[in-house]
Amino acid sequence: MEEILTGKIAVVTGGSAGIGYAIGRRFASSGAKVILASRQPQRLATAAKSIGDSAIAIPTDVSDSEQVQRLFEGFERVDILVTCAGAAVFGAIDTLPVAEAQSFFAGRFFGQLAAAHYAVPKMPVGSAIILCSGIAASVGLPYYSAGSALCGAVNSMARALAVELAPKGIRVNAISPGLIEGTDIQSNLSKEQVESFAESTRARIPLKRAGQSNEVADAAFFLATCGYVTGQIIEVDGGWTAS
Ligand SMILES: NC(=O)c1ccc[n+]([C@@H]2O[C@H](COP(=O)([O-])OP(=O)(O)OC[C@H]3O[C@@H](n4cnc5c(N)ncnc54)[C@H](OP(=O)(O)O)[C@@H]3O)[C@@H](O)[C@H]2O)c1
């Protein structure tokens, strides 16, 4: 039986782990050819192998726009772009080095902008871009001012691109994960700090639990396949922003 994404080419940055990997696997199981892009080649190759023949691995650091350009040079067409590459940088405003905040933006914000920049000329009518922001755009998270600003910037970029690219038949949306557990997310917090943050956060979430990567993949699949949704930010957060 033909799957809904058969014949589609999907590029997923940050596809070697966590949310990006779950999205890549979901798209591949629905018939897409999936290109996974992230930095560590071995982990990326293992991820692609575990998905199977429909996934290929292209090592790429999205903070380097020349590498992002090379990533897209290899394809005549891109039907779906998902930009999940990134980490989290915490710190009080008066102690987090400005250079660290700048390099955070270089990867997680400008990596998404660069991917859209190089993908759009290859995207036919009917294609979709799914950016990745985060709950921090919508709730005040202390010690995460740079991350909060970054997530807000991604959401704003999604809305602007949705309007800009609608005449080309390209839809643009963002997934905004809340607390998602079981990923490999890197941050500058200690293991104990991460656990304490997660514990206090779970108590605030109406569904009283963290989400899973597969649940973010469900949202990405919806955005990839529903042809009349564009310019939306889909909060995958167990009701956190609603509370
Ligand atoms: N987990 C959460 O609770 C949560 C909440 C809100 C938002 N988010 C955001 O969702 C996205 C995915 O997070 P996750 O939890 O799935 O994290 P993850 O498991 O660590 O996955 C992150 C992926 O991004 C890649 N990556 C990181 N920096 C990169 C770079 N400069 N160039 C290319 N690839 C890069 C990583 O591989 P390499 O290290 O090998 O490059 C990995 O494949 C991130 O942007 C994260 O900030 C996550």
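In this text the structure is predicted, and so the values were computed from the model without any measurement. (Residues numbered from 1 in each chain as written. Predicted model: local features only at pLDDT ≥ 70, side-chain atom pairs only at ≥ 80, totals over all residues.)

### Details of the site of the ligand
Then step 1. Taken together, 33 residues surround the ligand, and among them Gly14, Gly18, Arg39, Gly86 and Thr183 come closest.
Then step 2. Of all the secondary-structure elements, those providing two or more residues to the shell around the ligand are α1 (18–29) and α4 (98–108).
Then step 3. In terms of residue count, the dominant contributor to the shell around the ligand is α1 (3 residues).
Then step 4. Class assignment for the residues of the shell around the ligand results in 13 nonpolar, 15 polar and 5 charged. (Near = placed C-beta within 6 Å. Helix = DSSP H or I, 4+ residues; strand = E, 2+ residues; numbered from the N terminus. Nonpolar A, V, L, I, M, F, W, Y, C, P; charged D, E, K, R; others polar.)

### Some words on the pairing of strand β2 (residues 33–37)
Then step 1. Counting buried positions along β2 gives 4 out of 5 residues, so the element sits mostly inside the fold.
Then step 2. Relative to β2, strand β1 (residues 9–13) is paired through 5 bridges, and the arrangement is parallel. Note that in β2 the partner of Val12 across the bridge is Leu36.
Then step 3. One crossover worth recording links β1 to the parallel β2 by way of α1, and it is right-handed. (Buried ≥ 20, exposed ≤ 12 C-beta atoms within 10 Å, placed from the backbone. Pairing = 2+ DSSP bridges. Right-handed = clockwise from strand over helix to strand, strands pointing away.)

### Focus on the packing of helix α3 (residues 65–73) against helix α5 (residues 110–119)
Then step 1. At a closest axis distance of 9 Å, the pairing of α3 and α5 adopts a crossing angle of 35°. Once α3 is placed against α5, the crossing between them reads as right-handed. Of the residues in α5, those touching α3 at Ser65, Val68, Gln69 and Phe72 are Ala114, Ala115, Tyr118 and Ala119.
Then step 2. Here the residues of the contact of α3 with α5 are counted per class, giving 6 nonpolar, 2 polar and no charged. (Axes fitted to C-alpha atoms, helices over the stretch in contact; angles between N-to-C directions. Left-handed = near helix turned anticlockwise from the far one by under 90°. Contact = placed C-beta atoms within 7 Å.)

### Here's the deal with the sheet that holds strand β6 (residues 171–177)
Across a sheet, strands are paired by hydrogen bonds formed along the backbone, either parallel or antiparallel in direction.
Then step 1. Strands sit in the order β3-β2-β1-β4-β5-β6-β9 across an open sheet of 7 strands; the sheet is parallel. The sheet terminates laterally at β3 (55–57) and β9 (233–236), the two strands that pair on one side only. Ignoring which end each strand starts from, the neighbouring axes of this sheet average 20° apart.
Then step 2. Helix-sheet contacts for helix α2 (residues 41–51) involve β2 and β3, and the interaxial angle to β3 is about 170°.
Then step 3. With respect to the sheet, helix α6 (residues 145–165) is in contact with β5 (128–132), β6 and β9, its orientation differing from that of β6 by roughly 160°.

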